[in-house]
Amino acid sequence: MKALIHTASLAALLAAAGVAPMSAVSAADSAVQVIQVAASEATSRFVPLGIGKSVAIDLPADIKDVLVANPKVANAVIRSSRRVYMIGVAVGQTNIFFFDGAGKQIAGFDIAVTRDLNGVRAALKQALPDSDIRIEGVGNDGIMLSGSAARLVGDGNKVVNGITVRGRDQVMLKVTVAEVRRDVIKQLGVDLSGSFNYGAAAVNLNTQNPFSANGQTLSNTSLGGSWKNVTATLRAMDRAGVLRTLAEPNLTAISGETATFVAGGEFPIPNGLSCDTTKSPPVCQAQVDFKKFGVSLVFTPVVLSEGRISLKVMTEVSDLSTDNSLTLAVPGSTQSLTIPSISTRRAETTVEIPSGGSLALAGMIQESTKQQINGVPGLMQVPILGALFKSRDYINNQTELMVLVTPYIVRAVSQKLLSRPDDGFADPSDPQTALLGRLNRIYGTAGQPDVPAQQPANYRGKYGFILD
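These figures come from a predicted structure and were not determined experimentally.

Remarks on the overall build of the chain
No. 1: In terms of regular secondary structure, the chain is built from four helices and 22 strands.
No. 2: A separation threshold of at least 6 residues defines the contact pool for the chain, and within that pool the share at least 24 residues apart is 62%.
No. 3: Just so you have it, the chain exposes about 30000 Å², and 54% of that area is on carbon and sulfur atoms.

Okay, here's the thing in C-alpha cells:
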C-alpha cells in the first residue's frame, strides 16, 4: 500500500510521528545526521536507518509532494520547504520519493530499517579500540561482521579469530523402555445339575459358576462325575503369564523442535453403519475408527549452553487388554463382537540434564488384586461341603515400568561409519532351506576362522559368517 503525504497535512504528520515542535527540532538539528542532496541526484540512493532513529535530508528544490511506499516501516516529516526528517519505524524496507510543484522528482531514497546496532558497535570499539570491525544488520534479525583486527601487540600476522557462528544444535535422545508384567488367575468352582427325591418331595439342583472377576472361564476343560441323578462338573484352572516389553528408540531433533516415535499398531473399533436406503436392498457400509497402541515417545530438547539441555519428555506404553472389554451383539446375526480395552502406562516430565547424562523414570510399580466368591446363600457357608455350592475367582496383576533417557548433543556422521541390520545377510539356497531348515546362509573357508582380517591372501570369493 502506498501513501501520498502533502505539505498541507504537516501538523497531522508531526502528531502521528511524535515529533517535537518546530523550536525543539531546530535546536537539535546539529545532533542529527544531515544528508545533502545535489540537484543532479534525482535517482534513488540507499539510506540505512535504525528503529527509532532519524536522518535529515536537505533537498535542492522546494517540496510539494512526498511518496512513502510503506509508512509502517519508515516515515517522512517535512519541517521546511527543503528539509525533511526520515524516521525508522519498524524493521523492513521501503522507499521514499520527493516531487516539486511541477511533479518532477527531486530525489528518491531506498530505506532499509534494521535493529539499532550502535550499542554493539560502541562495545566492540571499547573492547578492541585499534581494530577495524564493522557490524551491519542483515534482514530482520541477522548480523554481519566484517573488517580486521590485530592483537594488542600490533602484529597483524598473529591475529586469533575467536568469532564463531553457531547453528542450531541437534540433540539425539536414546531411550530404553523396559516393562515386566506378571498375571496370575485362579478359578475353582463346581457346577451341579440333577435332582433328589424324598418320597413325594423333589429337590432340583442347577448351579453354574459365573467367575465374575474375570468375566469368563479360562478354559472349557472340566472334570465331571455323577451320583444317582446328580451330575457334578469341576472347573478348576490356574493361569500364570509374564509379559516383557522392551523398546530402545533413538531420535534426533533440532534444539527447540519436537520429535515423535511410535512403535505399535492400530486396532479397529466399529462406529455404526451408514446405509443407502435408496437402493433395494439397502446397501450398508460399516464405519470404523482406529485406536493406536504400542510404545510412543515425544520429546522436545532445548540446548541452554554447551553441555546443558532442558528436556521435556513424554513416553507411553499401551497394549490391548481383555479387562473391561466390551461385547456387542451384531444386528441380524447370532454372533457377537468383542472390543478390547487399552492398558496404558504414561510418564511425562521436564528436567535439565547434561549431554551424556541419564535420567531414570523408575518406581512405576503397580499391583492389583481382585477376588470374588459366588455361591448359594447358606449352603456356601457350610464347611468342606460348601465348596460344592460356590466358585472362587482370583486375579493378581503386577507390573513395573522403567524408562531410561540419555540425551546427546550430536553432529553429522559419515555414511561409511554406519552399519545396517542386514549387513552381511545372505539368503540360503533351496537345498539348505529344504534339507537343513536354514533361513540364512553360513559361508566361509573350511578350516579357517571366519574373521575377515585372518583370511588367506589367495582366497577369492565371499567370506564372513552369519549364525542363526
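Focus on the pattern of salt bridges
No. 1: For the structure shown, the criterion picks out eight salt bridges.
No. 2: Salt-bridge contacts for Glu179 lead to Arg345; the nearest nitrogen and oxygen are separated by 2.6 Å. Taken together, the residues span a long stretch of sequence, with Glu179 in strand 12 (residues 170-198) and Arg345 in strand 20 (residues 336-354) at a distance of 166 residues.
No. 3: The class of Glu179 is buried, set by a relative accessible area of 2%.
No. 4: Classification of Arg345 as buried rests on a relative accessible area of 10%.
No. 5: In this structure, a network of salt bridges that share partners links the residues Glu179, Arg181, Asp183, Asp319 and Arg345.

Examining the nonpolar core
No. 1: Ranked by internal contacts, the top residues of the largest apolar core, which has 23 residues, are Leu59, Met86, Phe98, Phe109 and Ile111.
No. 2: The set of elements that each furnish at least two residues to this core consists of strand 3 (44-50), strand 4 (54-58), strand 5 (65-68), strand 6 (74-78), strand 7 (83-88), strand 8 (92-99) and strand 9 (105-114).
No. 3: Contact partners of Phe98, with chain neighbours within four places excluded, come to Leu59, Ile63, Asp65, Val66, Val84, Lys104, Gln105, Ile106, Ala107 and Phe109.
No. 4: By size, the runner-up hydrophobic cluster in this structure holds 20 residues, among which are Ala253, Val295, Phe299 and Leu359.

Some thoughts on the environment of Asp100
No. 1: Considering the arrangement of structural elements, one finds Asp100 in the loop between strand 8 and strand 9.
No. 2: In the structure, Asp100 is positioned 36 residues away from Lys64 in sequence and 5.0 Å away in space, judged by C-alpha atoms.
No. 3: Residues within four places of Asp100 in sequence aside, it is in contact with Asp62, Lys64 and Ile106.
No. 4: Side-chain polar atoms of Asp100 contact the backbone nitrogen of Ala102, separated by 3.1 Å.

Quick notes on the packing of aromatic side chains
No. 1: Applying the stated criterion across every chain yields a total of two aromatic pairs.
No. 2: Geometrically, the ring pair formed by Phe98 and Phe109 is edge-to-face, given 6.0 Å between the ring centres and 75° between the ring planes. Here Phe98, found in strand 8, pairs with Phe109, found in strand 9; they are eleven residues apart in sequence, far enough to count as distant. In this structure, Phe98 and Phe109 share a single accessibility class: buried.

Notes on the environment of Phe299
No. 1: Of note, Phe299 is situated in strand 18 (residues 283-305).
No. 2: Remark: the alpha-carbon pair of Phe299 and Thr258, spanning 41 residues in sequence, is separated by 5.7 Å.

Considerations on the side chain of Asn397
No. 1: As for its position among the elements, Asn397 is in strand 22 (residues 390-410).
No. 2: Apart from residues no more than four positions distant in its own chain, Asn397 is found in contact with Arg181, Arg182, Asp183, Asp323, Gln366, Glu367 and Ser368.

Describing the sheet that holds strand 6
No. 1: Spatial strand order, 2-4-7-6: four strands in an open sheet with mixed pairing. Looking at which strands have only one partner, the edges of the open sheet turn out to be strand 2 (34-36) and strand 6. With direction set aside, neighbouring strand axes in the sheet form an average angle of 25°.
No. 2: Pairing of strand 2 with strand 4 involves three bridges; the strand directions are parallel. Pairing of Val34 across the sheet is with Ala56, part of strand 4.

Some points on the confidence of the model for the chain
No. 1: Taken residue by residue, the chain gives an average pLDDT of 75. The fraction at 70 or more is 78%.
No. 2: Residue range residues 1-30 is modelled with pLDDT below 50. Its contacts to residues more than four positions away, or to other chains, number 43 contacts.
No. 3: Across residues 444-455 the pLDDT falls below 50, and counting only partners more than four positions away or on other chains, this stretch makes 13 contacts in the model.

Examining the side chain of Thr94
No. 1: Note on placement: Thr94 falls in strand 8.
No. 2: On the basis of relative accessibility, which here comes to 10%, the residue Thr94 falls in the buried class.
No. 3: At a separation of 3.0 Å, a polar atom in the side chain of Thr94 contacts the main-chain amide nitrogen of Asn70.

A word on the environment of Leu59
No. 1: Its place among the elements puts Leu59 in the loop between strand 4 and strand 5.
No. 2: Taking relative accessible area as the criterion, Leu59 reaches 5% and is therefore assigned buried.
No. 3: Along the chain, Leu59 and Gln36 lie 23 residues apart, while their C-alpha atoms are 6.8 Å from each other.
No. 4: Beyond its immediate chain neighbours, meaning those up to four positions away, Leu59 contacts Val37, Arg82, Val84, Phe98, Ile106 and Ala107.

So, how was this worked out
Residues numbered from 1 in each chain as written. Predicted model: local features only at pLDDT ≥ 70, side-chain atom pairs only at ≥ 80, totals over all residues. Heavy atoms only, no water. Helix = DSSP H or I, 4+ residues; strand = E, 2+ residues; numbered from the N terminus. Contact = heavy atoms within 4.5 Å. Areas by Shrake-Rupley, 256 points an atom, 1.4 Å probe, with all protein chains shown as cover. Salt bridge = Lys/Arg side-chain N within 4 Å of Asp/Glu carboxyl O. Buried < 20%, exposed > 50% of the residue type's maximum accessible area, 1.4 Å probe, protein only. Core = buried A, V, L, I, M, F, W, Y, C linked by side-chain atoms within 4.5 Å. Polar contact = N/O pair within 3.5 Å; in protein donor to acceptor, adjacent residues only side chain to side chain. Phe/Tyr/Trp six-rings, centres within 6.5 Å; stacked < 30°, edge-to-face > 60°. Pairing = 2+ DSSP bridges. Axes fitted to C-alpha atoms, helices over the stretch in contact; angles between N-to-C directions. pLDDT = per-residue confidence, 0-100.

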